[in-house]
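Residues per chain are reported as follows:
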Amino acid sequence: MTAIASITAREILDSRGNPTVEVDVVLTDGSKGRAAVPSGASTGIREAVELRDADPKRYGGKGVKKAVANVKGAIATALKGADATNQAAIDQTMLELDGTENKSQLGANAILGVSMAVARAAATSENLSVFRYLGGEAATLLPTPCFNILNGGAHADNSVDFQEYKLVPVGATSFAQALQMGTEVYHALKSILKQKGYSTGIGDEGGFAPDLKANVEAVELILEGIEKAGYKSGEELAIALDPATSELWREGGYYEFFKSDQSQKNSSQMIDLWESWVNQYPIISLEDGLGEQDWQGWQELTKRLGDRIQLVGDDIFCTNPKIIQEAIDKGVGNASLIKVNQIGSITETLAAINTARSGGYTVYISHRSGETTDDFIADLAVATMAGQLKTGAPCRGERVAKYNQLLRIEEELGNKAVYAGWQNFKKP
Ligand SMILES: C=C(OP(=O)(O)O)C(=O)O
Ligand SMILES: [Mg+2]
């Protein structure tokens, strides 16, 4: 047994300039683990609680001193001497100490920071990479990266209603090649935007954030970028979308395109829109195509498009095993996004993945729009053999930290490494 000797924490900044929690764990054999917690902007209503101080004099009420104090106080005391290699017991101790359904007592940001830092320290103690420590010998699958190269919605101050237009290098033969392909198209897109007189300023996840004339123009520009970079769309690179439509949902039960033309659509008109896009373009994955409030619409969407493309639940599932099970039972979606801070511990994240898989759903590991250079999710994607990961554009330090870690993992695996490519997707 390798016991926890000490746990400390501090308030640091994330990529949006908001405070977040960083945790340091030291074991009795001297092994260390550090982790930092991400933060979303377009959050699901049923996510675990991110504890913030609400003191308007510090960071506009966004400080995390309380969460930090909870790590240094109650959590550090409860876990001192605990076996760091028993992740399930570590996480269970924190859940019991918190005692709430949504982690509102200690904060999901406090609990998750410790959960990840303990896993890192335990991996170090066993002289293993994190992906190997969590995934064992079987963990050889490198995820297909989904590069969010055009940002809209809550992640950019532009005219685009939909949040993420992602490039998926399904036809690559290795992760390194996928990264190269995605990056080449990213640069090609930049020159196309410049040529057309659009801004090349970027949004929260490093994708470009131009003021386009229509939401669909983003898809067409990306297809142009693929061609300009010398690749074939639909074969070598395809498109994944996260319109994050919970943000567009209004009380009256309709969707409002409030950034572009103020037009409205009901649920079935939204499904028609997606169907027409899927008919026209090489779209292989659609996340939050309808809002978290629209379960009935989701059932219809799944009936209409579930055989053709991946339908990912993010806001609607919140990485919560109970909600994922409900979705499986009701025929809602066919894939689950997995965000560690939506549920707030590593053990529960793994449970969410197992639940999704038990219903035949694919799993898709994800960053948050507010990130740090912590690269834990790169290892998690390989450890769980998820086969797909999104962590923004191939640009900005906090995004490339994850992609670069996957290059290192691929190198460590050598000829055992397998690139997921098309594995989770249907060809358009
Ligand atoms: C990454 C996302 O954004 P956020 O972190 O803002 O929820 C998302 O919606 O998938
Ligand atoms: Mg999403």
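The shown structure was predicted, so the numbers you read here are calculated from the model rather than taken from an experiment.

Conventions we followed
- Residues numbered from 1 in each chain as written.
- Chains lettered and ligands numbered in written order.
- Predicted model: local features only at pLDDT ≥ 70, side-chain atom pairs only at ≥ 80, totals over all residues.
- Heavy atoms only, no water.
- Pairing = 2+ DSSP bridges.
- Helix = DSSP H or I, 4+ residues; strand = E, 2+ residues; numbered from the N terminus.
- Axes fitted to C-alpha atoms, helices over the stretch in contact; angles between N-to-C directions.
- Expected span 1.5 Å × (residues − 1).
- Buried < 20%, exposed > 50% of the residue type's maximum accessible area, 1.4 Å probe, protein only.
- Contact = heavy atoms within 4.5 Å.
- Salt bridge = Lys/Arg side-chain N within 4 Å of Asp/Glu carboxyl O.
- Right-handed = clockwise from strand over helix to strand, strands pointing away.

Student: Explain the sheet that holds strand S2 (residues 19-27) to me, please; I cannot follow it from the model alone.
Tutor: Two strands in a sheet stick together by hydrogen bonds in their backbones, pointing the same way (parallel) or opposite ways (antiparallel). If you walk across this open sheet you meet the 3 strands as S1-S2-S3, and the pairing is antiparallel. Across the chains shown, the open sheet's two edge strands, defined by having one partner strand only, are strand S1 (4-13) and strand S3 (32-36). Taken over all neighbouring pairs, the strand axes of this sheet differ in orientation by 15° on average, direction set aside. Two elements, S1 and S2, share 9 bridges in a ladder whose sense is antiparallel.

Student: Mind showing me how you'd approach helix H13 (residues 397-413) here?
Tutor: Three- or four-residue spacings in an α-helix give side chains the same orientation, since the helix completes a turn every 3.6 residues. With 17 residues, H13 should cover 24 Å at 1.5 Å per step; its first-to-last C-alpha distance of 24 Å lies within 8% of that length. Every buried residue of H13 is listed here: Glu398, Arg399, Ala401, Lys402, Tyr403, Gln405, Leu406, Ile409, Glu410 and Leu413. On its buried face, H13 sits against helix H4 (130-135), strand S4 (141-142), strand S5 (144-151), helix H5 (175-195), helix H12 (376-383) and strand S15 (388-390). Looking one or two residues beyond H13, the residue adopting positive phi is Gly414, at roughly 55°.

Student: Even after reading the chapter, I still don't get the pattern of salt bridges, so can you show me in this structure?
Tutor: Any two side chains of opposite charge can pair, so long as their charged atoms come close to each other. Scanning the entire structure with this criterion turns up 27 salt bridges. A salt bridge links Glu22 to Arg34, with the shortest nitrogen-to-oxygen separation between them at 3.8 Å. Of this pair, Glu22 sits in strand S2 while Arg34 sits in strand S3, placing them 12 residues apart in sequence. With a relative accessible area of 14%, Glu22 lands in the buried category.

Student: Quick question: what am I supposed to make of the pairing of strand S12 (residues 310-313) here?
Tutor: Remember that side chains alternate between the two faces of the sheet whenever the strand is regular. Burial of the side chains of S12 extends over both faces: Gln310 and Val312 are buried on one face and Leu311 and Gly313 on the other. Note: strand S11 (residues 283-287) against S12, 3 bridges, orientation parallel. Residue pairing in the sheet places Ser285 in a bridge with Gln310 of S12. The handedness of the S11 to S12 crossover, carried by helix H8 (residues 295-305), is right-handed. Pairing of S12 with strand S13 (residues 335-338), which is carried by 2 bridges, proceeds in the parallel orientation. Within S13, the position partnered with Val312 by the bridge is Ala335. For the segment spanning S12, helix H9 (residues 321-330) and S13, crossover handedness is right-handed.

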